[in-house]
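Spelled out, the chains give:
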Amino acid sequence: VRDLGIPFHWEDVDPSAPIQFCFLEFFLYEDDPRYEERKARLAQYDLHPTESTEFLPEEVERASWFMLDTGQFGYPQPEDDFKFGNRTYDISHACPLCMIGQVQIAPFRFKTPPKARHSALLGLNWVPFELFVRTQASELWLAERFTGVRFSSPVLHKTSQPLDGVLQAHVDTVLPRGISLHNLVAEPCNLPDRIPEWLEERLRTTLVCKTERYNLPTRGPLTFPASVLHGQPDFVRTYEWFGSGGESYRPIIVSKRVRDKALRQRLRGGKFTPVLLT
């Protein structure tokens, strides 16, 4: 591996397991003068390439808006067959496939308190960009009078009692249409070739919506005209939908004030990706 002369990350996975394996990740940068040569050397191996963007520190500091994402821990309850939708959301007017149109009508239900004890910003699997925070974050945001965010209490599934020390942060403001599509890949909501049983039942009464959705960009940032974000609250969501298959979401965009305060107060768990204004 070292003979390739390519930066890499090596991590042994469970050294005590009967079968030994490791996690190996190579890093190629397009501004590397030897990029094409190194890319060709890696091409001889059965690897799975992915693309992402790294921002220079000065690019991050110049940004005035950021996409906020979190790690995801646990699953909404009850998790069998996605039935939590019937408890947490009104899905009567939702697309049967991508679920655009569902409306939250009840608290999210957690199986156990989040195990990421050092993370103040949290997420759940299956519901990207639904934001949960520990009281440390909610109290700070209220004290700073950040706009565009409100809070409610999720519950423990077995008891239906409020989850101690964790709140859901609701972001209800949706930006005007206007995101740049130059680095986004469209994925319309269309029927899959093979229709699962759970979808067949819903298709008897509801058609898929065919809404144009997008994948989050791997090259470059989300880009908006400056006018779209001018005068907006500190917390907003994109007008445009993102997602794949049965997963649809509107990413959360936050002001520089929110990001800077999170860093100064060491609120862990949030990933702040710069947004470009044109």
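This text goes with the structure placed above it.
Since we're looking at a predicted model, the values are computed, not measured.

**Considering the overall build of the chain**
- Helix and strand content of the chain: seven helices and 20 strands.
- Expressed as lengths along the three principal axes of its C-alpha atoms, the size of the chain is roughly 55 × 50 × 45 Å.
- Across the chain, the fraction of contacts at a sequence separation of at least 24, relative to all contacts at a separation of at least 6, is 66%.
- When the accessible area of the chain is evaluated, it comes to approximately 16900 Å², of which 52% is carbon and sulfur surface.
- Taken as two groups, the 33 positive and 36 negative side-chain charges of the chain have centres that lie 6 Å from each other.

**A few points about the sheet that holds strand S7 (residues 121-122)**
- One open sheet holds the four strands; their spatial order is S7-S8-S11-S9, and the pairing between them is antiparallel. Strands with a single pairing partner mark the edges of an open sheet, and in this sheet they are S7 and strand S9 (150-152).
- Relative to strand S8 (residues 131-134), helix H4 (residues 135-143) is tilted by about 95°, and along the sheet it contacts S7, S8, S9 and strand S11 (166-170).

**A short note on the pattern of salt bridges**
- The final tally for this structure, using the stated rule, is 12 salt bridges.
- The salt bridge involving Asp172 is made with Arg150; its shortest N-O contact spans 2.6 Å. Of this pair, Asp172 sits in the loop between S11 and strand S12 (185-186) while Arg150 sits in strand S9; the two residues are 22 residues apart in sequence, bridging distant segments of the chain.
- Of the charged contacts, one joins Arg259 and Asp260 as a salt bridge, the two residues approaching to 2.9 Å between their closest N and O atoms.
- Residue class for Asp260 comes out buried when judged on its relative accessible area of 16%.
- Among the ionic contacts, a cluster of salt bridges with common partners joins Glu61, Lys256, Arg259 and Asp260.

**Some details on the sheet that holds strand S3 (residues 65-70)**
- The four strands lie next to each other as S15-S18-S3-S19, forming an open sheet whose pairing is antiparallel. The open sheet has two free edges, formed respectively by strand S15 (235-237) and strand S19 (270-274), since each of these has just one partner strand. When the angles between neighbouring strand axes are averaged without regard to direction, this sheet yields 35°.
- The strands touched by helix H7 (residues 256-264) are S3, S15, strand S18 (252-255) and S19; relative to S18, the strand with the most contacts, the crossing angle is about 80°.

**A short note on H4**
- Considered for burial, the residues of H4 that qualify are Ala137, Ser138, Leu140 and Trp141. For H4, the buried positions fall inside an angular range of 165° around the axis, keeping them on one side. Counted as exposed and oriented over 90 degrees from the buried face of H4: Glu139, Leu142 and Ala143.
- Elements in contact with the buried residues of H4: S7, S8, S9, S11, S15 and H7.
- Immediately downstream of H4, the backbone of Arg145 shows phi near 60°, a positive value.

**Structural notes on the environment of Val60**
- Relative to the helices and strands, Val60 is located in helix H2 (residues 57-62).
- Given the relative accessible area of 15%, Val60 is considered buried.
- C-alpha of Val60 to C-alpha of Arg117: the two residues are 57 residues apart in sequence and 27 Å apart in space.

Analysis parameters
Residues numbered from 1 in each chain as written. Predicted model: local features only at pLDDT ≥ 70, side-chain atom pairs only at ≥ 80, totals over all residues. Heavy atoms only, no water. Helix = DSSP H or I, 4+ residues; strand = E, 2+ residues; numbered from the N terminus. Contact = heavy atoms within 4.5 Å. Areas by Shrake-Rupley, 256 points an atom, 1.4 Å probe, with all protein chains shown as cover. Lys, Arg positive; Asp, Glu negative; His and termini not counted. Charge placed at Lys NZ, Arg CZ, Asp CG, Glu CD. Pairing = 2+ DSSP bridges. Axes fitted to C-alpha atoms, helices over the stretch in contact; angles between N-to-C directions. Salt bridge = Lys/Arg side-chain N within 4 Å of Asp/Glu carboxyl O. Buried < 20%, exposed > 50% of the residue type's maximum accessible area, 1.4 Å probe, protein only. Arc of directions from axis to C-beta.

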